[in-house]
Amino acid sequence: MDLGIRNRRAIVCASSQGLGLACATSLAREGCVVFINGRDQSRLAQAVAQIEAATGVRATPVAADINTETGRATLIAACSEPDILVNNNAGPPPGALADWDHAAWLSALEANMLAPILLIRAVLPGMRERRFGRIVNITSAMVKAPLAPMGLSSGARTGLMSFCKGLSREVAQANVTINNLLPERIDTDRQRFMAQLTASLNGYSLDEAYEQIRSSIAARRLGRPEELGDACAFLCSAQAGFISGQNLQLDGGTYPGIF
């Protein structure tokens, strides 16, 4: 299927590795002009090479910390008229309420709620004027099935999703859509970190931790980053113009609810 987004300009945040890189690769494969972002120049260079090897498209790297006003301004200056914005950022580590002081909460809100909202604020006027915009937020399955140790992440990301749901209704008439991807158990470095933490806390091997994770998934396997990347690309497509304000779970069918 031709997704109808060839030559569309796409900003993909936190895309030097993991889920962000997967989204950038899928969009590049569809012919988008892709701007990737991260804080580490060497990782960005590696990501540019990976995307080019996989798709033949050379992405533009933008080194910037999107948790800062300066970093966001740098990213927008590099791609001043984006048609697509994929919001992504590293999540806070798991913990307990007693560990999370005021500074910890502010850091989580800055990274996983305020940074994406302020990027949306920056790109939305142009999208509305050009009558095309696709905004995708990579959040987490934890927002619909929260667990106490992930409270920093789910608290901040739920705020982002609530804000975007209201905004999506306001901008839909301008052919601007806003949707959320809710991944769980995708085979990335963060998932490996979580598996290592689980193994350490419970006194068993990394292989045993992964087996426990796989057994908790209805599909009995981890998700692949490219599966999320392709879902992102479809939500950015011309064909997805009537899909907005939605939360798409990528969890191998694990979530037991219907809402």
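Residues numbered from 1 in each chain as written. Predicted model: local features only at pLDDT ≥ 70, side-chain atom pairs only at ≥ 80, totals over all residues. Heavy atoms only, no water.

Quick look at the overall build of the protein chain
Put simply, the test is: Only DSSP runs of H or I with at least four residues qualify as helices, and only runs of E with at least two residues qualify as strands; both kinds are numbered from the N terminus onward. As defined in this context, the radius of gyration uses C-alpha atoms, and a globule is described by 2.2 Å times the residue total to the power 0.38. Remark: exposure states derive from per-residue accessible area (1.4 Å probe, protein chains only) relative to the maximum for the residue type, with buried under 20%, exposed over 50%, and partly exposed in between. Any two residues whose heavy atoms approach within 4.5 Å at even a single point are treated as in contact. Surface accessibility in these figures is a Shrake-Rupley result with a 1.4 Å probe; residues are shielded only by whichever protein chains are displayed.
In terms of helices and strands, the protein chain carries eight helices and seven strands. What you see for the protein chain is a C-alpha radius of gyration of 18 Å, in line with the 18 Å of a compact globule of 259 residues. With the C-alpha coordinates aligned to their principal axes, the bounding extent of the protein chain is approximately 55 × 40 × 40 Å. Out of the 259 residues belonging to the protein chain, those deemed buried represent 47%. Within the protein chain, counting contacts between residues at least 6 apart in sequence, those at least 24 apart form 74% of the total. Accessible surface computed for the protein chain: about 12400 Å², of which carbon and sulfur atoms make up 53%.

Quick notes on the packing of helix 1 (residues 18-29) against helix 2 (residues 41-55)
What counts, and what does not: Axis definition: a line fitted to C-alpha atoms, over the contacting stretch in the case of helices. Angles run 0 to 180 degrees between N-to-C directions. Geometric relationships in this document are graded by angle, where less than 35 degrees denotes roughly parallel, more than 145 denotes roughly antiparallel, 65 to 115 denotes roughly perpendicular, and other angles denote oblique. Each helix crossing is assigned a hand: it is left-handed if the near helix lies turned anticlockwise from the far helix by less than a right angle, otherwise right-handed if that turn is clockwise.
The geometry of helix 1 relative to helix 2 is characterised by a closest axis approach of 9 Å and an angle of 40 degrees between their N-to-C directions. As far as their axial angle goes, helix 2 and helix 1 are oblique. For the pair helix 1 and helix 2, the sense of crossing is right-handed. Each of Leu21, Ala24, Thr25, Ala28 and Arg29 in helix 1 lies in contact with helix 2, whose residues at this interface are Ala47, Gln50, Ile51, Ala54 and Thr55.

Concerning the sheet that holds strand 4 (residues 84-87)
Sheet strands line up and pair through hydrogen bonds in the backbone, either parallel or antiparallel. To keep it simple, the criterion reads: Note: two strands are recorded as paired if DSSP finds a minimum of 2 bridges between them.
Taken in spatial order, the seven strands of this open sheet run 3-2-1-4-5-6-7, and their pairing is parallel. Among the strands making up the open sheet, the edge pair consists of strand 3 (60-63) and strand 7 (247-250). The average undirected angle you get between the axes of adjacent strands in this sheet is 20 degrees. Packed on one face of the sheet, helix 4 (residues 102-130) meets strand 4, strand 5 (133-138) and strand 6 (176-183) and runs near 170 degrees to strand 4. Along the sheet face, helix 8 (residues 225-235) touches strand 4, strand 5, strand 6 and strand 7 and points at about 165 degrees away from the line of strand 6.

Observations concerning helix 4
The line we're drawing: The length a helix should cover is 1.5 Å for every residue beyond the first. The bend at a residue is defined as the angle formed between two axes, one fitted to the seven residues ending at that residue and one fitted to the seven starting there. The term polar contact refers here to a pair of N or O atoms within 3.5 Å; inside protein, the definition further demands a hydrogen-donor-capable atom paired with an acceptor-capable atom, and it admits residues adjacent in sequence only when both atoms are side-chain atoms.
Taking 1.5 Å per residue as the helical rise, helix 4 with its 29 residues ought to reach 42 Å, and the 41 Å between its terminal C-alpha atoms agrees with that figure. A bend of about 45 degrees at Glu110 is the largest found in helix 4. Among the residues of helix 4, those classed as buried are Ala108, Ala111, Asn112, Ala115, Pro116, Ile117, Leu119, Ile120, Val123, Leu124, Gly126 and Met127. Packed against the buried residues of helix 4 are helix 3 (69-78), strand 4, strand 5, helix 5 (151-171) and strand 6. Regarding helix 4, its N-cap is Asp101, as a side-chain oxygen of that residue lies 3.2 Å from the backbone nitrogen of Ala103 further along.

With respect to the pairing of strand 4
In strand 4, alternate side chains face the same way, and those of Ile84 and Val86 on one face and Leu85 and Asn87 on the other are all buried. With three bridges connecting them, strand 1 (residues 9-12) and strand 4 associate as parallel partners. Bridge pairing links Val12 to Val86 in strand 4. Bridge analysis of strand 4 against strand 5 gives four bridges, and the strand direction is parallel. Residue pairing for strand 5: Asn87 is matched across the bridge by Asn137.

So, the side chain of Asn87
Along the polypeptide, Asn87 turns up in strand 4. Exposure remark for Asn87: the relative accessible area of 3% places this residue in the buried category. Discounting residues that sit within four places of it in the chain, Asn87 has contacts with Cys13, Pro116, Leu119, Ile120, Ile135, Val136, Asn137 and Ile138.

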